[in-house]
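# Analysis of the macromolecular model
For reference, the chains in residue letters:
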Amino acid sequence: MKRAAFYIDTSACSGCKTCQAACKDKNELTPGLSWRRIYEIEGGNWNNSNGVYTEKPFAYFISISCNNCEDAPCIDACPTTALHRSEDGFVLIDPLLCMGCNYCEWTCPYGALRMDGSRGIMTKCDFCIDLLYEGHNPACVDACPMRAIEFGYFEDISARRGTVNSLYPLPGFEMTKPGLVIKPHKDALKANNDNAIVNNLENY
């Protein structure tokens, strides 16, 4: 079975949060509840040239939601089978079965599962599955002004876009085998060496 996946171009993402706003609007999410999160990774160092120090800062953004993992720990952790994989391969939540225990949230290394306090149940990105069935893209994809997000099948995206599936500060690909392909920002390799700070820009 082909598995749905996101492609994220961190070299193009400006951190504008339009994808996040489109997701919240389409799914009528309450303030403080976000299914797509924007992380700003920033850092830098100093260059010493004959006693003259010059600053070398860097920053980039990563837009992340549910990654439709092949080895989805949230499914294994759910005691009610509310978290399940649909017949067409999507990791989804059945709100009628969810009891809001938070087990799924604790196991997801991407922070994709979010508690809806008003309903007392867990929620997550559902890939705008209703739009997909109508032949459209997820709302975040079409909203991005930089065209930094694509949605399709993991095998197809990997063939076209490469095979980078992890980027600081995300976990390694082998942990859950996410449906995720990333184009790294040119400064992404510096983040591991230059005391990078990760800021979560989701709260509004």
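Quick look at the structure, then. (Residues numbered from 1 in each chain as written. Predicted model: local features only at pLDDT ≥ 70, side-chain atom pairs only at ≥ 80, totals over all residues. Heavy atoms only, no water.)

## Some remarks on the sheet that holds strand S10 (residues 197–200)
What the three strands build is an open sheet, ordered S3-S2-S10; its pairing is antiparallel. Each edge of the open sheet carries a strand with a single partner, namely strand S3 (52–64) and S10. Neighbour to neighbour, the strand axes of the sheet diverge by 20° on average, direction disregarded. Inspection of the sheet shows strand S2 (residues 37–49) paired to S3 by 13 bridges, in the antiparallel sense. Bridging across to S3, Asn-47 finds its partner in Thr-54. (Pairing = 2+ DSSP bridges. Helix = DSSP H or I, 4+ residues; strand = E, 2+ residues; numbered from the N terminus. Axes fitted to C-alpha atoms, helices over the stretch in contact; angles between N-to-C directions.)

## Let's talk about the nonpolar core
The biggest cluster of nonpolar side chains holds 53 residues, and the ones touching the most others in it are Phe-6, Ile-41, Tyr-60, Leu-83, Leu-113 and Phe-127. At five residues, the largest contribution of residues to this core is made by S3. Excluding anything up to four places from it in sequence, Phe-127 contacts Phe-6, Cys-66, Asn-68, Phe-90, Val-91, Leu-92, Leu-132, Pro-138 and Phe-151. Grouped together as the second largest cluster of nonpolar side chains are five residues, Tyr-7, Phe-154, Ile-157 and Val-181 included. (Core = buried A, V, L, I, M, F, W, Y, C linked by side-chain atoms within 4.5 Å. Buried < 20%, exposed > 50% of the residue type's maximum accessible area, 1.4 Å probe, protein only. Contact = heavy atoms within 4.5 Å.)

## Quick look at helix H6 (residues 154–161)
Inspection of H6 places Phe-154, Ile-157 and Ser-158 among the buried residues, and these make up the whole buried set. Each buried residue of H6 sits inside an arc of 100° when the element is viewed along its axis, so together they form one side. Residues of H6 that are exposed and point over 90 degrees away from its buried face: Ala-159 and Arg-160. Those residues of H6 hidden inside the fold are in contact with strand S1 (4–9), strand S8 (149–153), helix H7 (173–176) and strand S9 (180–183). Where H6 terminates, the next one or two residues include Gly-162, which has phi positive at roughly 105°. (Arc of directions from axis to C-beta.)

## Quick notes on the packing of aromatic side chains
Tallied over the entire structure, the rule returns six aromatic pairs. Over the ring of Phe-154 we find Arg-3; its NZ or CZ atom is 5.0 Å from the centre of that ring. Of note, Arg-36 hangs over the ring of Phe-6, and the distance from its end group to the ring centre comes to 4.7 Å. (Phe/Tyr/Trp six-rings, centres within 6.5 Å; stacked < 30°, edge-to-face > 60°. Lys NZ or Arg CZ within 6 Å of the ring centre and 35° of its normal.)

## Structural notes on the sheet that holds S8
Overall, mixed pairing links the three strands, which are arranged S8-S1-S9 in an open sheet. Strands with a single pairing partner mark the edges of an open sheet, and in this sheet they are S8 and S9. The average angle at which neighbouring strand axes cross in this sheet is 20°, direction not considered. The pairing of S1 with S8 spans five bridges and is antiparallel. The partner of Ala-4 across the bridge, within S8, is Tyr-153. Its contacts with the sheet place H6 against S1, S8 and S9, and it is angled at close to 125° to S8.

## Here we look at the environment of Phe-154
Within the secondary structure, Phe-154 sits in helix H6. Once you skip the residues sitting within four places of it in the chain, Phe-154 turns out to touch Arg-3, Ala-5, Asn-165, Phe-173, Pro-178, Gly-179, Leu-180 and Val-181.

## Comments concerning unusual backbone geometry
A negative phi angle characterises most non-glycine residues, just as the trans form characterises most peptide bonds. A cis geometry characterises the amide bond from Tyr-168 onward to Pro-169, with omega recorded as 10°. With respect to the secondary-structure elements, Pro-169 resides in the loop between H6 and H7. The residue Phe-127 is not glycine, and still its phi comes out positive at about 65°. Position of Phe-127 relative to the elements: it lies in the loop between strand S7 (121–123) and helix H4 (129–133). For Lys-177, which is not glycine, the phi torsion reads 55° and is therefore positive. Note that Lys-177 resides in the loop between H7 and S9.

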